[in-house]
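# A look at the structure
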Amino acid sequence: MDEANKQYFIQILTKYKRGEATQEEIKFLESYYNLFDLNDDLITDENEADYLYLKDAIKAKVDERIAQYEKKPVTMPLRSGWTRYAVAASILLFISVGAYFFVRNRYKADNLAANSYKGIVPGTNKATLTLANGTTISLDDAANGQIAKQAGVKITKTADGQIVYQAEATGQNQAVQNTVTTPNGGQYKIILPDGTNVWLNAASSITYPTVFKGAEREVTLNGEGYFEVTKNKAMPFRVKSALQTIEVLGTHFNVNAYGDEALLKTTLLEGSVKVTSATNSILIVPGEQAVISRTGNGTISKQQVNLDKEVAWKNGVFSFADEDIREVMRQVSRWYDIDVVYEGDMPTEKFFGEISRSSKLTDVFRILELNNMKFSVEGKTVKVSYGK
């Protein structure tokens, strides 16, 4: 640890013992404690008691989480050579309020200029509804209550911000297409006309009819969405996205079909799903993920996955496992509505861990800088470089 971080560590170690450390300082302290083999020169006669207090407090939490962890199979891949204590450290920090990353190198923290990040904030619930006639409605600005009526169908915004479709009893309603679109830095939940719940991630859209009629219920998704489909055996539910069509009767699943991602991924949490491409069709069961490569011939494969990771975005968390910096930054850029430019070669190390999506961008970058990543900000453009 360099001298500046050593002094900072010792300073907040004392504050931690007194109960005066901020959440940010606690995150820094716990990250260094668990991710480093601490150098002997950190511990002095003056701070040894504080260090032992910290050690005992963290060890108690680690032991508790190890007991829970060892009862379950490992669902997140860990680098070979990592010990049981590395697993314990990862669990401890996964349940902390803040964020952390770890890779196989040692880390170095640098301070960030907070004033460079003015105007860059985490995403919120915001989206635009486009009606069949081309009219657009900002859903985050619209007042609660009825916001539109078309082809015999009322569209209402509820008190908790969702939109609901209700067909009039006259039976004269017609099926016309609506689209809900989230921008970078936005997410939204929609209740479709059949009662199906859909959560849209940032930079995504879903197109659907105002009334489901006929032999099937079909929607089109761009980006990422999580679906909880209302069961209707007489009318299968289909999601069209890029190179695939997903067919279900009633189930919970997540679709990641961003245009800038190399893989299209459909992850099943409950029920059963059939995924079809131009090449083949497969069935997946809960815990499995269907994968299509955009650069391949359209063949679908499947694999076992960590379900918590795949739907972490819906629960307010970025979750990374064996992903490089470009994969990490694609998610970060959508949520914080920033443009990313890379300077020089990027590292080959993979990132593991979790970050709250409510974190400030400065906090996210501060953690990434522990892995020798460097960031500079000009307006909403972030330049990324790597160096020890």
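The preceding data block contains the structure.
Since we're looking at a predicted model, the values are computed, not measured.

Let us now look at the pattern of salt bridges. Inspection of every chain in the model, using the stated rule, returns eleven salt bridges. One salt bridge in this structure joins R330 and E261, with 3.1 Å as the shortest N-O distance. Pair noted here: R330 is in helix α6 (residues 325–336) and E261 is in the loop between β14 (252–257) and β15 (263–270), with a separation of 69 residues, a long-range link. Looking at E261, the relative accessible area reads 14%, which means it is buried. Here K380 ties to D337 by a salt bridge, and the two come within 3.5 Å at their closest N and O atoms. Taken together, the positions of K380 in the loop between β23 (373–378) and β24 (381–386) and D337 in the loop between α6 and β21 (339–342) put the pair 43 residues apart, joining distant regions of the chain. Classification of K380 as partly exposed rests on a relative accessible area of 37%.

Another aspect to go through is unusual backbone geometry. Positive phi outside glycine occurs at A242, with the angle close to 50°. Turning to its location among the elements, A242 is positioned in the loop between β12 (237–241) and β13 (244–248). A242 gets classed as exposed once you look at its relative accessible area, which sits at 53%.

Attention now moves to helix α7 (residues 361–369). Extensive coverage of α7 is indicated by the burial of eight of its nine residues. For α7, the full list of buried residues reads L361, T362, D363, V364, F365, I367, L368 and E369.

The next point concerns the pairing of β13. The side-chain alternation of β13 yields one buried face, formed by Q244, I246 and V248, and one unburied face, formed by T245 and E247. Pairing of β12 with β13, which is carried by five bridges, proceeds in the antiparallel orientation. Within β13, the residue paired with V239 across the bridge is I246. Remark: two residues form the turn of the hairpin made by β12 and β13, two consecutive strands paired antiparallel; A242 in that turn has positive phi of roughly 50°. Pairing of β13 with strand β16 (residues 273–276) involves three bridges; the strand directions are antiparallel. Looking at β16, one finds that T245 is bridged to T276.

Further remarks concern the environment of Y117. As for its position among the elements, Y117 is in the loop between α4 (84–94) and β1 (124–125). Along the chain, Y117 and K380 lie 263 residues apart, while their C-alpha atoms are 8.2 Å from each other.

Parameters and conventions
Residues numbered from 1 in each chain as written. Predicted model: local features only at pLDDT ≥ 70, side-chain atom pairs only at ≥ 80, totals over all residues. Heavy atoms only, no water. Salt bridge = Lys/Arg side-chain N within 4 Å of Asp/Glu carboxyl O. Helix = DSSP H or I, 4+ residues; strand = E, 2+ residues; numbered from the N terminus. Buried < 20%, exposed > 50% of the residue type's maximum accessible area, 1.4 Å probe, protein only. Pairing = 2+ DSSP bridges.

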